[in-house]
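# Commentary on secondary and tertiary structure
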Amino acid sequence: MASTSSGTTAYLGIDVGSVSTNLVILDEHARVLGAIYRRTQGQPIKAVQEGLRELTAVIADQDVEIRGVGTTGSARHLTGVIVGADTVKNEITAHAVAASQVVPDVNTVLEIGGQDSKLIILRDGVVTDFAMNSVCAAGTGSFLDHQSTRLGIPIEEFGDYALRSDSPAHIAGRCSVFAESDMIHKQQVGARVEDIIYGLCHALARNYLNNLSKSKELLEPMVFQGGVAANAGMKRAFETELGVEVVVPAYHHVMGAIGSAILALELELAAGETNFKGFEVTGLNYETSTFVCDGCSNTCEVVRIKVEGKTLARWGGRCGKWELQDGAARKTRAKV
Amino acid sequence: MRPPDQIKITTPHMGNLHLLLDDLFGRLGVEYIKPPRSSTKTLQLGIKHSPEFACLPLKINMGNFIQALDKGANTIAMAGGHGPCRFGYYGIVEERILRDLGYEFDFLMLEPFSDGAWAFYKSFASLSAGLSIRRLWKILQVSFAKGRAFDRLRKRALMVRAYEANHGDTGRALKEAEKIMAGAGTAPEIEAAAAASLRLIDSVDQDRERDVLKVGIVGEFYLLLEPFSNFDLEEILGNMGVYLERCVWVTDWIAPRRDNKIFGYPKQMIEEKAAPFLSHNVGGEGRETIGSTVLFAERGFDGVVQLLPFGCMPENIATSILPKVQQKHDIPVLTLTFDEQTGRAGMVTRLEAFVDLLRARRGGRRIIAAPEPAPDRNSCAACERKHVSSCRF
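Residue numbers run consecutively from 1 along every chain, following the written order of its sequence. All chains are assigned letters beginning with A, and all ligands numbers beginning with 1, in the order in which they are written. Only residues with pLDDT of at least 70 get local features here, since the model is predicted, and only at 80 or more are side-chain atom pairs given and counted; chain-wide, interface and lining totals rely on the full set of residues. Side-chain figures throughout are based on the complete set of non-hydrogen atoms in the structure, without hydrogens or water.

### Thoughts on the overall build of chain A
The following threshold applies: Under the scheme used here, helices are H or I runs from DSSP no shorter than 4 residues and strands are E runs no shorter than 2 residues, and both carry numbers assigned from the N terminus. We take the radius of gyration over the C-alpha atoms and set the globule estimate at 2.2 Å times the residue count to the 0.38 power. The contact criterion used throughout is that any non-hydrogen atoms of two residues lie within 4.5 Å. Counted charges follow a simple rule, with Lys and Arg positive, Asp and Glu negative, and His plus the chain ends left uncounted. To locate a charge, take NZ of a lysine, CZ of an arginine, CG of an aspartate or CD of a glutamate.
Helix and strand content of chain A: nine helices and 13 strands. In terms of overall dimensions, chain A is globule-like: its C-alpha atoms have a radius of gyration of 21 Å, near the 20 Å expected for 336 residues. Its C-alpha atoms give chain A principal-axis dimensions of about 60 × 50 × 40 Å. Counted over contacts in chain A with a minimum sequence separation of 6, partners at least 24 positions apart contribute 63%. Looking at charge distribution, chain A has the averaged site of its 31 positive side-chain charges lying 8 Å from that of its 39 negative ones.

See the structure below:
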C-alpha cells in the first residue's frame, strides 16, 4: 500500500468534530473501502494521526492510490493544513452530500453529533434549507454521554435498553438541567431504567424537532445519521414522534467523512494533482501554540501550527496580517 | 451640566457613527473623546458590569463608556427613545451602573427630534455656548450630508468586495476613501470628496466576470451596524464572493423622518411590504426585517441573512414570521443569533453552508453529481430504499 503507486483510485475523507474524528477511504464509485471512528479527546491533530495509522492498517491488503482528500468538521481547516486537503467544506454540506449518495432521493436529513445537531432539507438532491443548533446541550449527543456515565450504562448499550421499554417515562426535554432533574425524580420513585432511557430518547427527539424543524416540511425519505444514530432507541423515538420510517445508513457514524471524500472525488483531479501529503504525516511532530497580537485594540488570538519546528500555518487574526497557509502568505483570493 | 468649554463628550461606538460625530462635535466646538475601538477587552468590561439578561449591544455600550471615561471623557451622550424594546431603557440603566461604579460625569440623553424639537435643541445648546436654532440646523444639515457620504462609501464597499481581484483591496480602499471624506469641511468640499472617494472604491481591481451571489442583510440595527458585534460578517461573506446590501444604515437610522436615503426604500414602503405578514409595530426593527426581506426577494436576491442579539424580542417575533415570507417569496433566510461568545467558527460554518445552498439553488453546481452506480454485490440496486444496517452502498 502506497499513496503514490498506481493502485486502485481512492479518496480520503476526514471529519474532525468536537467529540469524534472519522476517516474513510472511498473508491471511485464512492464505496467504502475502510472507515475509522474514534474519539477526538480534545486533541484533533493526534486524533487525525492515530486515525490515519489505523486506516492504513485496515486497508493494508489493498493497493490504493489517494487521488483526493477532503476535510470537514469544526477542525476542518487545521486538518486540511496537516494532511494537505484538496477540499475543505463545512459539515452541513458534507452531511447532505453523503446522505444523498446513500439515499439518492432523500428529502430530510436528521443529524445529531456530539456538540451540535443539524436538520437538512433537500429537494431533488439540492439543499434547500438547513438549521443547526449548537446552543442547547439538551439536543446533542454529549448529554446522552453524560447520562450514560451517570447511570453507569455504556453508551453503546443505551439503544438496547431503550428498545426493551414499552412505556417511556416522560422526561422534560427543553433543557438538560430540567431533563436531568426529571430523570433523577423518575429513578427515585422507582421507574425502570429502560423506561427512563427510552423516555430520554423521546425528550431528545422532541427537543431536536422543536429547536430545528420550525415550519420546515419534513418529507420522506428521511435519513438519520451522526454518532447518536447508533442508538436504536433514538431511531424509534423519531419514528414515533414523526410517524414515518427513518433510515439509518450502515455508515451513519462517518457520514461527514464520506461526504468530504465524495467532494474530493467530484474535483476529478488527475493522478498526482492532489495536495495530499501522504500517510507519512502520522509520524511528523506538530506543535500548536497561540499568542495575542498587540498590533491594535482587537487583541486577536492567533494560532500557530509548526511542523518539525517550522511554521506551517497561522490564523485567527481579524485583519489577516498573520494569515499563513503552507508556509506562504495568502496574497490572491481563492477562486470562488 | 459643565460649561461647554469644559465638556469632553463621548458616545458608544456603532459602525461608522464616530466619523459623523467627529465632524458634528467639531462644528459645535466640543471636545470629542472617542472610545477605543470595540475589542474583546471592551466586551469583557461590559459583561462584567452589565445585568446578565441584558442583550449584547448594552454590554458593548458599557464597555465603550468605561473605556472612554478612563480615557478622560466627562460627559456621555446616549440616544433615548421609546417603544416596546429594551433600548429605551439603555441610557437610564447605563447611567446608574456607571454612577454605582463611582464615575463622575454628566449624562445627556438625546431624545428623538420627533419627541419634541425644543428638548432636542436644548440638548445641543448645552454643548455649545450661544448656539442658535438656525445655526444648529445648518450644522446638522452639513454634518448629515457628510455622514451620508460615509454611509455610501461602506455601501459601495459591500457591493465591490465580492468582485475584488486581490484579497483585501476593498478594505484598504475604503480606509483611504474615509480619510479623504474626513478632511472635507464645507458643503461643496463634501460633495467633491464624496465623488472622489466613491471613485477610489470603484477603482479597486475587479473581476466582473465572477459569478457572485446577491444577499440582503436584515435584522436588529446595532448588530447590523457594528462589525465588532457580528464578527465582521459582511467581510466574511464578501470574501466568499457575495454581493451585499443591508437595510439599516447609521444616517438612515438616526434621521428624523426615516426616509432611508442610503437603503433607498422609505420606512413607509417597507411597512407596506411587511403588511401581509405583520401589520403593526412590534418594536425595534421587527417590522422592517419582514418588509426588507420581501423587498430583497422581489428584487431577485439569492438569499437573506437576519442578525439579532440573543433575547431580542422584536427580532424573535420577526424570526417566527420569516418562514412564511420564505415560503411565499421563495427566498432562503438564514437567522444568526449573537451573544457574548467569542468563537466565530459556528457562524462561519453556517455562512459557508448557506452560500453552498444558494449556489446549488442557482443550479451553478448541484450539491451532488451521483457517481455511476457500481455493478457490484454491495450495490444498492437490490435493496431499493431499505438502506439499513446490512447495506454497504
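Having seen the model, we can carry on.
### Let's talk about the overall build of chain B
Condition: The cut-offs for exposure are 20% and 50% of the maximum accessible area for each residue type, with area from a 1.4 Å probe on protein chains only; residues under the lower value are buried, those over the upper are exposed, and the others partly exposed. Each accessible area value is a Shrake-Rupley result obtained with a 1.4 Å probe; residue values ignore everything except the protein chains displayed when judging cover.
A count of helical and extended segments in chain B gives 15 helices and eight strands. The C-alpha atoms of chain B give 24 Å as radius of gyration, which agrees with the globular expectation for 393 residues (21 Å, within 12%). With the C-alpha coordinates of chain B rotated into their principal frame, the extents come out at 90 × 45 × 40 Å. For chain B, with 393 residues in total, the buried portion stands at 56%. Long-range contacts, defined as pairs at least 24 residues apart, comprise 71% of the intrachain contacts of chain B with a sequence gap of at least 6. Just so you have it, chain B exposes about 17,400 Å², and 53% of that area is on carbon and sulfur atoms. Looking at chain B, you have 51 positive and 48 negative side-chain charges, and the mean spots of the two groups are 1 Å apart.

### Some remarks on the domain arrangement of chain B
All names here are of chain B. Where we set the bar: Note that the domain bounds reflect an automated or database-derived domain assignment. Values labelled buried area give the accessible surface lost by two parts on being combined, using a 1.4 Å probe and summing over both. Salt bridge, as used here, is a side-chain nitrogen of Lys or Arg placed within 4 Å of a carboxyl oxygen of Asp or Glu. Counted as a polar contact is a pair of N or O atoms within 3.5 Å, where, for protein atoms, one must be capable of donating a hydrogen and the other of accepting one, and residues adjacent in sequence contribute only when both atoms are in side chains. Classification convention: Asp, Glu, Lys, Arg as charged; Ala, Val, Leu, Ile, Met, Phe, Trp, Tyr, Cys, Pro as nonpolar; all other residues, Gly among them, as polar.
Per the domain assignment, the segments of chain B are domain 1 (4-131), domain 2 (148-161 + 163-208) and domain 3 (212-393). Between domain 1 and domain 3 lies a buried interface of about 1,900 Å² when both sides are counted; carbon and sulfur atoms form 75% of it. When the shortest N-O distance is used, the salt bridge between Glu340 and Lys59 registers 3.1 Å. Taken together, the links from domain 1 to domain 3 amount to four residue pairs in polar contact (both at pLDDT 80 or more). By residue number, the principal contributor to the side of domain 1 that touches domain 3 is helix α3 (residues 56-70), which donates five residues. Tallied by class, the residues present in the side of domain 1 that touches domain 3 amount to 13 nonpolar, seven polar and two charged.

### Some thoughts on the side chain of Arg246 of chain B
Residues and elements named next belong to chain B. With respect to the helices and strands, the residue Arg246 is situated in strand β6 (residues 242-246). Only 2.6 Å separates the side chain of Arg246 from the side chain of Glu234, close enough to count as a polar contact. One polar contact links the side chain of Arg246 to the main-chain carbonyl oxygen of Val248, over a distance of 3.0 Å. Apart from the residues within four sequence positions on either side, Arg246 is in contact with Leu158, Ile217, Leu224, Leu225, Glu234, Phe263 and Phe296.

### Brief notes about the pairing of strand β5 (residues 213-219) of chain B
All names here are of chain B. Condition: By the convention used here, strands pair only if DSSP detects at least 2 bridges between them.
In terms of residue burial, β5 counts as a mostly covered element, since six of its seven residues are buried. For β5 and β6, the ladder comprises five bridges, and the chain directions are parallel. Bridging from a neighbouring strand, Lys214 pairs with Tyr243 of β6. Judged from the five bridges that link them, β5 and strand β7 (residues 303-309) form a sheet pairing that is parallel.

### A short note on unusual backbone geometry
Note the cis peptide between Glu220 of chain A and Pro221 of chain A, where omega equals -10°. Residue placement: Pro221 of chain A occurs in the loop between α7 (193-212) and β9 (222-225). At Asp232 of chain B, a residue that is not glycine, the phi angle is positive and equals roughly 55°. Residue placement: Asp232 of chain B occurs in the loop between α9 (221-225) and α10 (233-239). A relative accessible area of 14% places Asp232 of chain B in the buried class. Here the phi dihedral of Asn260 of chain B falls at roughly 50°; this positive angle occurs in a residue that is not glycine. Along the chain, the position of Asn260 of chain B falls in the loop between α11 (250-254) and α12 (267-274).

### Structural notes on the pattern of salt bridges
Summed over all chains, the structure comprises 36 salt bridges over all chains. In this structure, the salt-bridge partner of Asp145 of chain A is Arg39 of chain A, at a minimum N-O distance of 3.0 Å. Of this pair, Asp145 of chain A sits in helix α4 (residues 141-151) while Arg39 of chain A sits in strand β3 (residues 32-39), placing them 106 residues apart in sequence. Of the charged contacts, one joins Asp302 of chain B and Arg362 of chain B as a salt bridge, the two residues approaching to 3.0 Å between their closest N and O atoms. Here Asp302 of chain B, found in the loop between α13 (286-298) and β7, pairs with Arg362 of chain B, found in helix α15 (residues 345-362); they are 60 residues apart in sequence, far enough to count as distant. The class of Asp302 of chain B is buried, set by a relative accessible area of 13%.

### Remarks on the packing of α3 of chain B against helix α4 (residues 87-100) of chain B
Residue and element names in this part refer to chain B. Our working definition: A fitted line through C-alpha atoms serves as each axis, taken over the contacting stretch for helices, and the angle formed by two N-to-C directions is quoted from 0 to 180°. Orientation labels follow simple angle bins: below 35 degrees gives roughly parallel, above 145 gives roughly antiparallel, 65 to 115 gives roughly perpendicular, and whatever is left gives oblique. The handedness criterion is simple: a crossing whose near helix is rotated anticlockwise from the far helix by less than a right angle is left-handed, and one whose near helix is rotated clockwise is right-handed.
It is the contact of α3 with α4, at a shortest axis distance of 11 Å, that shows an interaxial angle of 45°. As summarised for this structure, α3 and α4 are arranged oblique, according to the angle between their axes. Crossing of α3 over α4 shows right-handed handedness. Every residue of α4 that contacts α3 at Pro57, Leu58, Asn61, Met62, Phe65, Ile66 and Leu69 is listed here: Tyr90, Glu94, Ile97 and Leu98.

### A closer look at helix α3 (residues 91-102) of chain A
Residues and elements named next belong to chain A. Selection rule: Between the first and last residue of a helix there are one fewer steps than residues, each counted as 1.5 Å, and that sum is the expected span.
Taking 1.5 Å per residue as the helical rise, α3 with its 12 residues ought to reach 16 Å, and the 17 Å between its terminal C-alpha atoms agrees with that figure. Within α3, 12 of the 12 residues are buried, which leaves the element mostly enclosed by the surrounding structure. Backbone nitrogen of Ile92 and a side-chain oxygen of the N-cap are separated by 3.1 Å at the start of α3; the cap is Asn90.

### Quick notes on the sheet that holds strand β13 (residues 310-315) of chain A
Residues and elements named next belong to chain A. Here three strands make up an open sheet; going across it, the order is β11-β12-β13 and the pairing antiparallel. With partners counted over all chains shown, the strands left at the sheet margins are β11 (286-292) and β13, one partner each. Going from strand to strand, the sheet's axes swing by 25° on average, the running direction of each strand aside. Across five bridges, the pairing between strand β12 (residues 301-307) and β13 is antiparallel. Across the sheet, residue Val307 finds its bridge partner in β13, namely Lys310. The strands that helix α2 (residues 76-83) touches are β11, β12 and β13; relative to β13, the one it contacts most, it runs at about 155°.

### Re the environment of Thr186 of chain B
Residue and element names in this part refer to chain B. Positionally, Thr186 belongs in the loop between α7 (169-182) and α8 (187-202). Of the residues examined, Thr186 reaches a relative accessible area of 40% and is grouped as partly exposed. In this structure the C-alpha to C-alpha distance between Thr186 and Val142, which are 44 residues apart in sequence, comes to 7.6 Å.

### Some thoughts on the pairing of β3 of chain A
A regular strand carries its side chains on alternate faces of the sheet. All names here are of chain A. Alignment of strand β2 (residues 20-27) against β3, held across seven bridges, turns out to be antiparallel. Its bridge partner being in β3, Thr21 is matched across the sheet by Arg38. Following β2, the chain reverses through four residues before pairing antiparallel with β3; Ala30 in that reversal takes a positive phi of roughly 65°.

### With respect to α7 of chain A
Because an α-helix completes one turn every 3.6 residues, residues spaced three or four positions apart along the sequence face the same direction. Compared with the 28 Å implied by 1.5 Å per residue over 20 residues, the 28 Å span of α7 of chain A between its first and last C-alpha is a close match. Across the 20 residues that make up α7 of chain A, a large majority, 16, are buried.

### Notes on the nonpolar core
Stated formally: Buried Ala, Val, Leu, Ile, Met, Phe, Trp, Tyr and Cys residues that are joined via side-chain atoms within 4.5 Å together make up what is termed a nonpolar core.
Within the largest apolar cluster, 136 residues are counted, with the highest numbers of intra-cluster contacts made by Ile258 of chain A together with Leu233 of chain B. Not counting chain neighbours up to four residues away, the residues in contact with Leu233 of chain B comprise Ile217, Val305, Leu307, Leu336, Phe338, Met347 and Leu351 of chain B. Of all hydrophobic cores here, the second largest spans 35 residues; its members include Ala162, Ile171, Leu204 and Tyr208 of chain A.

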